[in-house]
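Residues per chain are reported as follows:
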Amino acid sequence: MAEIVLDNVVKRYPDGALAVDNFNLEIADGEFIILVGPSGCGKSTTLNMVAGLEDITQGRLLIDGDVVNDKAPKDRDIAMVFQSYALYPHMTVGENMGFPLKLAGVDKGTIAKKVGEAAEMLELTQHLDRRPSNLSGGQRQRVAMGRAIVRSPKAFLMDEPLSNLDAKLRVQMRTQVSRIQKNLGTTTIYVTHDQTEAMTLGDRVVVMRGGVVQQVGSPTELYEHPTNLFVAGFIGSPSMNFLPGRLEGGGRITTSLGDATLPDELRQALDKAASSSQDVIVGIRPEHFEDARLVPEAKGGARFNVPIDIVEAMGSDIYAYFTVRGEGAHSADLDDLAADAGNDMHGGDGTSVTARLDPAARTRQGQEAELWYDTSQLQIFDAKTGDNLLEGVTRAKTGSENAPT
Amino acid sequence: MQQETTQRKLTWTAVNTLVLIYAFVPVVWIISLSLKDSASLNDGNFLPVSPSWASYQQIFDNPDFTRALINSIGICLIATFVAIIFGTMAAYAIARLDFPGKRTIVALSLLIAMFPQIALVTPLFKIETALGLFDTWLGLIIPYITFALPLAIYTLSAFFREIPWELEKAAKMDGATPYQAFRQVITPLAMPGVFTTAILVFISCWNDFLFAISLTSTSASRTVPAAMAYFTGATTFEKPTGPIAAAAVIITIPIVIFVLLFQRRIVAGLTSGAVKG
Ligand SMILES: Nc1ncnc2c1ncn2[C@@H]1O[C@H](COP(=O)(O)OP(=O)(O)OP(=O)(O)O)[C@@H](O)[C@H]1O
Ligand SMILES: [Mg+2]
């Protein structure tokens, strides 16, 4: 168990590529840290530097107060779970799990005992004599976890450990990883691509982009107070809707959804932020839309009429997709996000918007509907820099969840 | 569908049989010749009418042949062993490490493999006589290693490239020193490649005639392929066909044993299950 500190860590590969720039993070003992970000943003590189598999170009890495920049992986006492599992095919499951102990010179009896305990925890006891090639994906994954657990290392590093499993197994293993980490209380750094893993597993989430940390915080913090467009768009699924907007005087804002008046606390925050320009990008989370009929008139917010393109009834929610006219929101952050999501084609005119409505909503595919959105939950970003102008604002909790049905 | 597969099977069986017959006729012929006695040698029968071990007896009574057999086994085993050791290390470096001159090494080793061996015989002869290596085991082992190494490096580096890189990282994370990772993780996985290469190298040394005949002069280091050329018949007018055939059969046996012994080690897909995807 250990405290890990990354102090201005920089990684530049020999070919000149700057993979990680000025990474600062203090990880407390026993903390579960998640690294997320689009492909190629330097997550694995960061993890490998902590592991000792990659050299640190600049800055310091401290484990329990000792600078370990120049220590070999074996002297750092850290275990790693690889995305590909990296099991030794010529060893049985038991030998795989016992390998770190064998290298450490532990006697046979102790190895057998520890492997047995780990196998029990991971429900692998009856597979100990089998070879990795005869195991299912989920079992292999657990063997890889077991190999990390047996020697009670100071920290676990996991690089997308569940990404090779199918969706159902991933959910199972996710809870298992979480349980194991809670039981052992071992400091963990976990790299993932998966929204749900990021939101549910970690104590704190680190969002990276192009080798630079964008924001560090608890999942709720990132969700409710994203520091910029990138984090806002990256965290949350389905993701936040972005529309270009214009700030008019007196707390009024114009978007392609029409005019709206901002609540006082947002207006004051905006005045303080003193953005140079009136052009902003407005972010609305899907759950902050609602069928207007379900919201009492007195409740503020803004209403608009729009033809609904597609309605997906999920039982507990209804997802309504519609298109609003006008130029979409553009910024480097959003283009990056779109590229990562694989839809960087600006096809058609207008912006596609996703709304999550109450199951009682009576929206029909292809028909016009009156929708409402919660103006107190709007996120407003500077259109040029992408910074959130309302980052620090504490909002009144009046999400559509409280709307009468 | 059903019919198609039966037909396909039949076609394949026919083709395979043809190939096998083509390959085995000379072998059976040699065996048959080695079992004929000198009187019936030219009788035109494909199979011997009255098989006899006379030729075998004759060659094993010949001290030159038994000595040559020992030379062959010793020289080829040593050359193979050394070539595999160095080849493994070189191939590992080539497959795994980035160092200046890597391409040059690969290109050079290929160049050596392509060099016409006959052009080297005279210079080698001169060098070895000058150094006192002529007609010694070492005098043959050295050129054998030279020509076996490119083969070994090439085959082995292909095998090393197949081993997932992540296994080594995993070993490092599990607390292994680089040597331990190589010894306990990489080597076991490379074994099929090592054995395959060993077989190829051994065969190429075992079958060499050119160096064996030109770099030896007595039975002190003459190997079997060369020794066979010095066989004599019972009389000067008689050709030693029977003994040569018998010797040819005898020297095939170690190769067959070598291959059978190691073949079981060449388990295809040993690395399966290591990494997913
Ligand atoms: N060995 C290397 N040499 C040079 N550049 C590298 C090397 N490894 C990674 N990079 C570069 O460093 C950047 C970060 O790579 P990294 O593997 O850390 O990304 P990642 O966030 O783990 O992405 P993914 O989610 O796809 O795994 C990338 O731009 C990549 O091209
Ligand atoms: Mg990665």
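Residues numbered from 1 in each chain as written. Chains lettered and ligands numbered in written order. Predicted model: local features only at pLDDT ≥ 70, side-chain atom pairs only at ≥ 80, totals over all residues. Heavy atoms only, no water.

Below, the discussion takes up the site of ligand 1. Residue and element names in this part refer to chain A. Taken together, Tyr13, Asp15, Ala19, Ser39, Gly40, Cys41, Gly42, Lys43, Ser44, Thr45, Glu160 and His193 are the residues near ligand 1. Tyrosine 13 has a polar side-chain atom sitting 3.4 Å from a nitrogen atom of ligand 1. Separating an oxygen atom of ligand 1 from a side-chain N or O atom of glutamate 160 is a distance of 3.5 Å. Surface burial for ligand 1 is 62%, taken as the share of its 640 Å² of free accessible area covered by protein chains. With three residues, the single largest contributor to the shell around ligand 1 is helix H1 (residues 43–51). Split by residue class, the shell around ligand 1 holds three nonpolar, six polar and three charged. (Near = heavy atom within 4 Å. Polar contact = N/O pair within 3.5 Å; in protein donor to acceptor, adjacent residues only side chain to side chain. Areas by Shrake-Rupley, 256 points an atom, 1.4 Å probe, with all protein chains shown as cover. Helix = DSSP H or I, 4+ residues; strand = E, 2+ residues; numbered from the N terminus. Nonpolar A, V, L, I, M, F, W, Y, C, P; charged D, E, K, R; others polar.)

In this section: the UniProt feature "domain: ABC transporter" (unreviewed entry) in chain A. In this numbering, the UniProt entry assigns the feature "domain: ABC transporter" (unreviewed entry) to residues 4–235 of chain A. Helix makes up 36% of residues 4–235 of chain A and strand makes up 25%, while its end C-alpha atoms are separated by 25 Å. (UniProt positions renumbered as here; feature names shortened; annotations may be inferred.)

Interface size is commonly expressed as the accessible area that is lost once the parts come together. Residue and element names in this part refer to chain B. For chain B, the domain assignment lists domain 1 (1–52) and domain 2 (62–263). Computed over C-alpha atoms, the centres of domain 1 and domain 2 are 31 Å apart. Contact with domain 1, which involves six residues of that partner, is made by seven residues of domain 2. For the domain 1 and domain 2 pair, buried surface summed over both sides reaches about 470 Å², with 83% attributable to carbon and sulfur atoms. Sorting the residues of domain 1 by area buried against domain 2 places Ile30, Ser34 and Leu41 first, and these three jointly supply 66% of that buried surface. (Domains from an automatic or database assignment. Contact = heavy atoms within 4.5 Å. Buried area = accessible area lost by both parts, 1.4 Å probe.)

One rule of thumb: low pLDDT means the predicted coordinates there are not for detailed reading. When pLDDT is averaged along chain A, the result is 89, and 94% of the positions lie at 70 or above. Ignoring residues within four places in sequence, the model shows residues 399–405 of chain A, a span with pLDDT below 50, making 13 contacts including any to other chains. (pLDDT = per-residue confidence, 0-100.)

With that out of the way, let us pick up the sheet that holds strand E14 (residues 279–284) of chain A. Residues and elements named next belong to chain A. An order of E13-E12-E11-E14-E20 is seen for the five strands of this open sheet, with the pairing classed as antiparallel. Among the strands making up the open sheet, the edge pair consists of strand E13 (258–261) and strand E20 (379–382). Sheet twist, expressed as the average angle between the axes of neighbouring strands with direction ignored, equals 35°. For E14 and E20, the ladder comprises four bridges, and the chain directions are antiparallel. When the bridges of E20 are listed, valine 282 appears paired with isoleucine 380. (Pairing = 2+ DSSP bridges. Axes fitted to C-alpha atoms, helices over the stretch in contact; angles between N-to-C directions.)

Moving on: a nonpolar patch on the surface. The grouping of B:Leu20, B:Ile21, B:Phe24, B:Val25, B:Val27, B:Val28, B:Trp29, B:Ile31, B:Phe46 and B:Leu47 at the surface amounts to a nonpolar patch, some 890 Å² of accessible area in total. With respect to the element layout, B:Val27 can be found in helix H1 (residues 2–35). (Patch = residues over 30% accessible without salt bridge, like charges linked within 9 Å, V, L, I, M, F, W, Y side chains within 5 Å. Salt bridge = Lys/Arg side-chain N within 4 Å of Asp/Glu carboxyl O.)

As a further point, take the environment of B:Ile199. If you trace the backbone, B:Ile199 turns up in helix H8 (residues 178–206). A sequence separation of 60 residues divides B:Ile199 from B:Val259, and the C-alpha atoms of the two residues are 6.5 Å apart.

Grouped together as the largest cluster of nonpolar side chains are 96 residues, with contacts concentrated most on A:Ile4, A:Leu6, A:Phe23, A:Ile189 and B:Phe160. For this core, the element with the highest residue contribution is H8(B), accounting for 14 residues. Non-local contacts of B:Phe160, meaning those with residues more than four positions away in its chain, are made with B:Thr88, B:Ala91, B:Tyr92, B:Ala95, B:Arg96, B:Ile186 and B:Ala190. By size, the runner-up hydrophobic cluster in this structure holds 50 residues, among which are A:Val36, A:Val93, A:Met97 and A:Leu222. (Core = buried A, V, L, I, M, F, W, Y, C linked by side-chain atoms within 4.5 Å. Buried < 20%, exposed > 50% of the residue type's maximum accessible area, 1.4 Å probe, protein only.)

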